[in-house]
Amino acid sequence: MLRSPITRWLVGIAAFIVILGVLRLKPWHYGSIGEVFRGRSNSTLQELNVGYLPVTRHHLTCPVTDFATRTSTSYRFNSQRFTDFPTVVESIKGGRLDATFMIAPLAMKLREQGVPVKIVYLGHRDGSTVIVRKDLPAQSLADLRGKTFAIPSKYSNQYLVIRKLMDDQGVKPDEIRFVELPPPDMPGALAAKAIDAYFVGEPHAAKAELDGSGRVLYHAKDIWPHFISCVLVVTEKLIRERPDVVRDLVRGIAESGEWAEGHRLEAAKVVAPYFRQDEKVIRYVLTQPPNRVSYRMLTPTDEDLQQINDMAVKAGILERPIAMKDLIDRQFIPLDIKPANINAGQ
């Protein structure tokens, strides 16, 4: 026992100092006492779920960024897989998702409806394809009169491009029957002859090519050079409350795209498990031909998005034009985009 008052006093002072030291470490921020002394914890990471659909034309950079931040001690971007855009929209509106890739006209529609979102980056250039049944003799869109044509959504750029092509070729709106299908369902529907053609982002076009049920009628880049389909959208709440996370997300997406441009085979290996697709299909998309999809020149310009906005208003998708200053936020895009440091074999 500590009988001396002086001894008890000294022990009390020492205990107080120890307690202060522990409080400074804030152990409740760590998952275990071991992490206190290692100086890192999962709870210190800035985490964010980012929505994507399993299509390489734009969402390839999302799982690549997820993969690249697995070992980060500061940021962790978890890719959240969706199979259709309506579910993405409901997740945004319900406050369950603050960042996602989505088709550009749909982002504009959300803004028109008063949903506070901003476009902060593009997902890709080109990378969509019009596929027709291999047994059909069609050589142009005009040859598809009376046929059933699948699109991802009436809010997609694919639909806007097809509408323009119909005007160019003198095809009336009621001469082609459009149906909306989730992109992963399109190759199977074509093989079963439930549809005759579809316009979609990769790899769901290449899949029909490789299984022999479909062939290419048009590549998007041949109809609309530097075609834009999807954009990276974040909520204004995320921008306001966590701007550093948004900045790092955009940087990660940009650098992942730059890495993918120079490492297409490795990129196929990385994303195949996320897409739940055969790696062979992803490799085909990224190399046949190599310019089938591009992950460069992804800064959203007023000119590009104004063109999409005008086409959407003309098609009746939007009720009125959207001011570009209310739609686009370019402050998070890095001036110097370098390839991400990714080890595909890790």
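As a reminder, the structure under discussion sits directly above these lines.
The text that follows walks through the structure, step by step, so that each part is easy to find. Values in this document were obtained by computation on a predicted structure and should not be read as measured data. (Residues numbered from 1 in each chain as written. Predicted model: local features only at pLDDT ≥ 70, side-chain atom pairs only at ≥ 80, totals over all residues. Heavy atoms only, no water.)

Regarding helix α5 (residues 104–112)
- α5 sits mainly inside the fold: eight of its nine residues count as buried.
- Considered for burial, the residues of α5 that qualify are Ala-104, Pro-105, Leu-106, Ala-107, Met-108, Lys-109, Leu-110 and Glu-112.
- Following α5 by one or two positions, Gly-114 has its phi on the positive side, about 90°. (Buried < 20%, exposed > 50% of the residue type's maximum accessible area, 1.4 Å probe, protein only. Helix = DSSP H or I, 4+ residues; strand = E, 2+ residues; numbered from the N terminus.)

So, the sheet that holds strand β7 (residues 148–151)
- The strand order β8-β7-β9-β6-β10 describes an open sheet built from five strands, whose pairing is mixed. If you trace the sheet from one side to the other, it starts and ends with β8 (177–180) and β10 (214–219), each paired once. Neighbouring strand axes in the sheet, compared pairwise and without regard to direction, differ in orientation by 30° on average.
- The strands that helix α6 (residues 157–169) touches are β6 (128–133), β7, β8, β9 (197–201) and β10; relative to β9, the one it contacts most, it runs at about 135°. (Pairing = 2+ DSSP bridges. Axes fitted to C-alpha atoms, helices over the stretch in contact; angles between N-to-C directions. Contact = heavy atoms within 4.5 Å.)

Some thoughts on the side chain of Thr-148
- Turning to its location among the elements, Thr-148 is positioned in strand β7.
- A residue is classified by how much of its surface remains accessible, and Thr-148, at 13% relative accessible area, is buried.
- Not counting residues up to four positions away in its chain, the partners in contact with Thr-148 are Arg-177, Val-179, Ala-194, Ile-195, Asp-196 and Ala-197.

Remarks on the environment of Gln-139
- With respect to the helices, strands and loops of the structure, Gln-139 is situated in the loop between β6 and β7.
- Relative accessible area serves as the criterion here: at 60%, Gln-139 is assigned to the exposed category.
- Along the chain, Gln-139 and Val-216 lie 77 residues apart, while their C-alpha atoms are 9.8 Å from each other.

What to know about the pattern of salt bridges
- Counted under the stated rule, the structure contains 15 salt bridges.
- Glu-175 is the partner of Arg-145 in a salt bridge, and the nearest nitrogen-oxygen pair spans 3.0 Å. Of this pair, Arg-145 sits in the loop between β6 and β7 while Glu-175 sits in the loop between α6 and β8, placing them 30 residues apart in sequence.
- Accessibility expressed as a relative area gives 25% for Glu-175, which makes it partly exposed.
- A salt bridge links Arg-330 to Asp-302, with the nearest nitrogen and oxygen atoms 3.2 Å apart. Residue Arg-330 is found in the segment after α15 (324–327), and its partner Asp-302 is found in helix α14 (residues 302–314); the two are separated by 28 residues along the sequence.
- Judged by its relative accessible area of 37%, Arg-330 is partly exposed.
- Salt bridges sharing partners connect three or more residues here, namely Arg-133, Asp-135, Lys-193 and Asp-196. (Salt bridge = Lys/Arg side-chain N within 4 Å of Asp/Glu carboxyl O.)

Considerations on helix α11 (residues 243–262)
- Between its terminal C-alpha atoms α11 stretches 29 Å, which fits the 28 Å expected from 20 residues at 1.5 Å a residue.
- The element α11 is extensively covered by neighbouring structure, given that 15 of its 20 residues are classed as buried. (Expected span 1.5 Å × (residues − 1).)

Things to note about the environment of Thr-83
- Relative to the assigned elements, Thr-83 resides in the loop between β2 (75–81) and α4 (85–93).
- Separated by 100 residues in the primary sequence, Thr-83 and Pro-183 place their C-alpha atoms 7.6 Å from one another.
- If we skip the residues at most four places from it in the chain, Thr-83 touches Leu-53, Pro-182, Pro-183 and Pro-184.

Focus on the packing of aromatic side chains
- On inspection of all chains with the given rule, the structure shows four aromatic pairs.
- Between Tyr-159 and Phe-178 the ring centres are 5.4 Å apart and the planes differ by 80°, which places this aromatic pair in the edge-to-face class. Highlighted residues: Tyr-159 in helix α6 and Phe-178 in strand β8, separated in sequence by 19 residues.
- With a relative accessible area of 14%, Tyr-159 lands in the buried category.
- Among the aromatic side chains, those forming a connected cluster through ring pairs are Phe-149, Tyr-159 and Phe-178. (Phe/Tyr/Trp six-rings, centres within 6.5 Å; stacked < 30°, edge-to-face > 60°.)

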